[in-house]
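Single-letter residue listing:
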Amino acid sequence: MLINKKLRPNPHKVKIVSLVGMMGTGKSKFGETLSKNLTFRFYEIDDIIEENFQMPISSIFSKFGEKCFRDEEKKTIKNIISKILENKENSVISTGGGSFDNLDTRKLLLSNSLVIWLNCPIDILVKRIGSSKKRPMLKDNVKESLKKISQKRELFYKKAHVCFDTSNGTFNEVTEQVIQYIKKCLF
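Predicted model, so just to flag it, every value in this text is computed and none were measured. (Residues numbered from 1 in each chain as written. Predicted model: local features only at pLDDT ≥ 70, side-chain atom pairs only at ≥ 80, totals over all residues. Heavy atoms only, no water.)

(A) Main features of the overall build of the protein chain. The number of helices and strands found in the protein chain is eight helices and six strands. Counting across all 187 residues of the protein chain, residues that qualify as buried make up 45%. Of the contacts formed within the protein chain by residues at least 6 apart in sequence, a portion of 77% connects residues at least 24 apart. Summing over all exposed atoms, the protein chain offers an accessible surface of approximately 10000 Å²; the carbon and sulfur share of this is 50%. (Helix = DSSP H or I, 4+ residues; strand = E, 2+ residues; numbered from the N terminus. Buried < 20%, exposed > 50% of the residue type's maximum accessible area, 1.4 Å probe, protein only. Contact = heavy atoms within 4.5 Å. Areas by Shrake-Rupley, 256 points an atom, 1.4 Å probe, with all protein chains shown as cover.)

Have a look at this one:
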């Protein structure tokens, strides 16, 4: 665990946890498990976007382009944060791998939630992802694509409040570490 910065006092009295990190680090799986353990509402941003477009993300990328997807991602996260604050519902948000690249989205998440960077070595990500066609950012050489994307995004991920390596122990062990950290920070 690497702690980057202290949380600002929460003026909303709503507990929000946002998960950021590369594809394959386990944001969706951790998000769902954390929300159940903490009895928080769970929001999976990629699923919401797919539902809005009525098509998978790979199709959104090929039909409308990455810019359209990123604009929708930014808008969706902003709407979800507004909804959470309005309804005062404690929540976990699993973001898309590239969402934290956007300055407005990053500021919004950092000022309204505990941002947790889920990190993992590239070799393990390659094993987890394989040659998935569902990942539009990956090209022919998955490992090289992941390295390039990771190098670009790491600068932004490092701005998260805390980082957990999802390859450092079993899923249950890492989940317990994250839950204990969340409880220490938000409760």
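(B) Quick look at the nonpolar core. Val20, Ile84, Ile93, Phe100, Val115 and Leu146 are the most contacted members of the largest nonpolar core, which totals 34 residues. Only strand S2 (16-20), helix H2 (45-53), helix H3 (57-64), helix H4 (66-87), helix H5 (103-112), strand S5 (114-119), helix H6 (122-129) and helix H7 (142-157) provide two or more residues apiece to this core. When sequence neighbours within four positions are dropped, the list of residues in contact with Ile93 reads Ile16, Val17, Ser18, Leu19, Tyr43, Ile45, Ile80, Ile81 and Ile84. Judged by nonpolar contacts, the second largest core, of 18 residues, contains Phe30, Leu114, Phe164 and Tyr181. (Core = buried A, V, L, I, M, F, W, Y, C linked by side-chain atoms within 4.5 Å.)

(C) Local environment of the packing of aromatic side chains. Counted by the stated rule, this structure contains five aromatic pairs. Both rings, one in Phe61 and one in Phe69, keep their centres 5.1 Å apart while their planes meet at 40 degrees; by these two values the pair is tilted. A relative accessible area of 13% means that Phe61 is categorised as buried. Given a relative accessible area of 2%, Phe69 falls into the buried group. The interplanar angle of 70 degrees and the centroid separation of 5.9 Å between the aromatic rings of Phe164 and Tyr181 together place this pair among those described as edge-to-face. (Phe/Tyr/Trp six-rings, centres within 6.5 Å; stacked < 30°, edge-to-face > 60°.)

(D) Structural detail: H5. The set of residues buried in H5 consists of Thr105, Arg106, Leu109, Leu110 and Asn112. The inward-facing, buried residues of H5 abut S2, H4, S5 and H7. The backbone nitrogen of Asp104 lies 3.0 Å from a side-chain oxygen of the residue at the head of H5, namely Asn102. (Polar contact = N/O pair within 3.5 Å; in protein donor to acceptor, adjacent residues only side chain to side chain.)

(E) Spotlight on H7. Residue Gln151 marks the point of greatest curvature in H7, where the axis turns by about 35 degrees. By the burial criterion, the buried members of H7 are Val142, Ser145, Leu146, Ile149, Ser150, Arg153, Phe156 and Tyr157. Looking at the buried positions of H7, the neighbouring elements they touch are S2, H4, H5, S5 and H6. (Bend = angle between axes of the 7 residues up to and from the residue.)

(F) How the structure looks around the environment of Val115. Relative to the helices and strands, Val115 is located in strand S5. Residue classification places Val115 among the buried residues on the basis of a relative accessible area of 0%. Separated by 15 residues in sequence, Val115 and Phe100 have C-alpha atoms that sit 10.0 Å apart. Residue contacts for Val115: discarding those within four places in its chain leaves Ser18, Val20, Phe100, Leu109, Leu110, Ala160, His161 and Val162.

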